[in-house]
Amino acid sequence: MKNIVAVSNKKQLAQFIDFPHDLYKGDSNYVPELFIAQKDLLTTHPFHKHSSLQCFLLFDGDKIIGRIAAILNNNYNIFNSTNDGFFGFLIV
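Predicted model only: the values in this text are computed from it and were never measured.

**Concerning the sheet that holds strand 2 (residues 52-60)**
Sheet architecture is open: four strands sit in the order 1-2-3-4, paired in antiparallel fashion. Each edge of the open sheet carries a strand with a single partner, namely strand 1 (2-6) and strand 4 (86-91). Neighbour-to-neighbour, the strand axes of the sheet open up by a mean angle of 20°, direction not taken into account. Pairing of strand 1 with strand 2, which is carried by five bridges, proceeds in the antiparallel orientation. When the bridges of strand 2 are listed, Ile 4 appears paired with Leu 58. Sitting on the sheet, helix 1 (residues 10-23) touches strand 1, strand 2, strand 3 (63-72) and strand 4, and the angle it makes with strand 3 is about 120°.

**A closer look at the nonpolar core**
Of all hydrophobic cores here, the largest spans 14 residues; its most connected members are Val 7, Phe 16, Leu 42, Cys 55 and Leu 57. For this core, the elements supplying multiple residues, two or more each, are helix 1, strand 2 and strand 3. Here this core takes four residues from helix 1, the largest share from any one element. Once residues lying within four places of it in the same chain are set aside, the contact partners of Val 7 are Gln 12, Leu 13, Phe 16, Gln 54, Cys 55, Phe 56 and Leu 57.

Parameters and conventions
Residues numbered from 1 in each chain as written. Predicted model: local features only at pLDDT ≥ 70, side-chain atom pairs only at ≥ 80, totals over all residues. Heavy atoms only, no water. Pairing = 2+ DSSP bridges. Helix = DSSP H or I, 4+ residues; strand = E, 2+ residues; numbered from the N terminus. Axes fitted to C-alpha atoms, helices over the stretch in contact; angles between N-to-C directions. Contact = heavy atoms within 4.5 Å. Core = buried A, V, L, I, M, F, W, Y, C linked by side-chain atoms within 4.5 Å. Buried < 20%, exposed > 50% of the residue type's maximum accessible area, 1.4 Å probe, protein only.

Honestly, that's just the spatial picture; any functional story needs more than this.
Now the structure itself:
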């Protein structure tokens, strides 16, 4: 059974960041992001002072089969007089 889970703790955040490494293991063309850089981007980056994001993991049973982040960039919306949302970090 497939299940979408909002990332809400350190273990899930590590799984979110590590998912591409597991998915592309053995692919000689894959160049992994640095874990510490991804963690910073998702937790302590200055973006979080004015905006927000929520990460999600897609499970099939106990196995992670995808990830995505929902992003609200308040500075973008103020500058453009809009109310847009974005998504990123999509891997399925």
